[in-house]
Amino acid sequence: MSELTDKLKKDIESFKINSREELEHFRLTYLSKKGRVSSLLGKIGSIAAEERKLFGQKVNAVKKLAHDKLEEAEQRLHKSQKTSRKATDDISLPASSLSLGVAHPLSQTLTRIKDVFYRLGFSIADGPEVEDDFHNFTALNFPPEHPARDMQDTFFIKKSDDPNTDDLVLRTHTSPVQIRLMKNGTPPFRSIMPGRVYRNESITAKSYCLFHQVEGLYVDKNVSLAELKDTLIMFVEMIYGEGVRYRIRPSFFPFTEPSLEMDIWWGDDETGKWLEILGAGMVHPNVLQSVGVDPEEYRGFAFGMGVERIAMLFYGIDDIRLLYDNDLRFLQQFQ
Ligand code: DAH
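What you are looking at is a predicted structure, and each value in this text was computed from that prediction instead of being measured.

A. Representation of the environment of S224. One can find S224 in the loop between β6 (210–220) and α8 (225–240). Residue classification places S224 among the partly exposed positions, given a relative accessible area of 24%. Note: C-alpha distance between S224 and R299 (75 residues apart in sequence) is 7.7 Å.

What follows is the structure in structure tokens.
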């Protein structure tokens with residue numbers, strides 16, 4: 001009787017399963033109801049009693065062998081199906097290149113700006129984009145109803161009818177971060193405050209409803225206007241090179257006195273024009289007072305620059321809207 005099980009065992013072992021079809025053929029031949037394993041088991045009844053036990057054990061061992069082989073083949077075929085190549089694949093072709101992205105020109109510009117002020121000893125601070133009226137205007141010496149508020153129209157949200165609760169605004173500038181910084185610390189302060197700001201302005205080649213600023217604040221005992229000018233000149237020379245054509249002219253902001261603006265020449269000598277990149281000035285005593293810094297003891301300078309303007313001048317971009325279109329043909333030029 002053991003010849004039968006031995007023969008079956010040999011056949012199972014030598015059966016080659018290399019495809020789905022062969023797998024199915026194997027299963028039908030050996031493990032289906034009418035397969036060879038079942039038919040051997042069916043013979044048990046006709047075996048002499050003393051041989052029966054041994055025979056049963058042998059058939060069961062063969063059955064297990066067939067099952068294991070089936071399982072192994074199933075897994076092997078499943079795996080190779082996942083990784084198999086088509087005959088038409090040319091494996092000698094060079095691999096397709098990975099396309100590397102680049103930092104957005106605004107991010108690159110911001111990194112350059114931060115780098116300059118880092119070298120000048122400024123730390124970095126930030127504040128919320130959704131501000132309250134107090135931080136965005138009142139503490140910066142824009143009294144309620146003051147016409148200077150019209151310079152910076154934004155998106156207002158009325159929180160409640162109670163005149164004592166502040167309206168919310170999308171901040172119009174990064175200057176409110178000066179207030180937060182000074183309220184939460186003690187002088188001296190020397191920080192830059194980068195971030196996104198919002199204005200209710202018509203969208204043109206030069207202005208957009210959102211943009212980025214870098215605010216700067218330096219408050220200490222003897223800070224002077226000369227130091228402000230020096231800092232700003234050093235800044236533009238470090239960004240644009242020493243030959244950069246700039247001018248500094250008087251201006252007005254409620255939170256500085258005196259106030260100034262800095263322009264950079266845009267274009268060639270005859271047809272170019274001045275483009276404003278920042279406002280600045282000596283921090284107004286009322287501002288210091290609103291945050292509990294004694295204006296008799298401390299003085300400071302502050303500035304706020306437009307990152308988009310600085311980037312446009314740096315790269316020669318003539319339309320601000322290009323910076324927000326996310327057009328790859330534009331962005332890929334900033335490798
Ligand atoms: N916040 C002003 C603006 O958005 C810019 C500015 C001017 C910031 C003078 C300053 C400053 O810190 O001193 O137009």
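Right, picking up where we left off after that structure.
B. Layout of the packing of aromatic side chains. Within the structure shown, the criterion is met by 19 aromatic pairs. Considering the side-chain rings of Y240 and F314, the 6.3 Å spacing of their centres and the 45° angle between planes classify their relative orientation as tilted. A residue pair is termed long-range when its members are at least 10 positions apart, and Y240 in helix α8 and F314 in helix α10 (residues 307–315) qualify at 74 residues. Members of the aromatic cluster, each reached through a chain of ring pairs, are F117, F122, Y218, F235, F301 and F303.

C. Spatial organisation of unusual backbone geometry. That bond from P187 to P188 is cis: its omega, 5°, falls within 30 degrees of zero. Note that P188 resides in the loop between α7 (175–183) and β5 (189–198). Residue E257 is joined to P258 through a cis peptide bond whose omega torsion reads -5°. With respect to the helices and strands, the residue P258 is situated in strand β8 (residues 256–266). One non-glycine residue with positive phi stands out, namely N141, at about 70°. For N141, the position within the fold is in the loop between α6 (133–136) and β3 (156–157).

D. Looking closely at the pattern of salt bridges. Following the criterion strictly, the structure yields 17 salt bridges and no others. Between R76 and E72 there is a salt bridge, and its shortest N-O distance comes to 2.7 Å. Note that R76 and E72 are positioned in helix α4 (residues 49–83) at a spacing of four residues, about one turn of the helix. Ionic pairing is found between E297 and K221, a salt bridge with its closest N-O pair at 3.4 Å. Residue E297 is found in the loop between α9 (285–290) and β10 (299–306), and its partner K221 is found in the loop between β6 and α8; the two are separated by 76 residues along the sequence. A relative accessible area of 39% places E297 in the partly exposed class. Residue classification places K221 among the partly exposed residues on the basis of a relative accessible area of 42%. Via salt bridges that share partners, R247, R249, E261 and D263 belong to a single interconnected network.

Reading the values: the criteria
Residues numbered from 1 in each chain as written. Predicted model: local features only at pLDDT ≥ 70, side-chain atom pairs only at ≥ 80, totals over all residues. Heavy atoms only, no water. Helix = DSSP H or I, 4+ residues; strand = E, 2+ residues; numbered from the N terminus. Buried < 20%, exposed > 50% of the residue type's maximum accessible area, 1.4 Å probe, protein only. Phe/Tyr/Trp six-rings, centres within 6.5 Å; stacked < 30°, edge-to-face > 60°. Salt bridge = Lys/Arg side-chain N within 4 Å of Asp/Glu carboxyl O.

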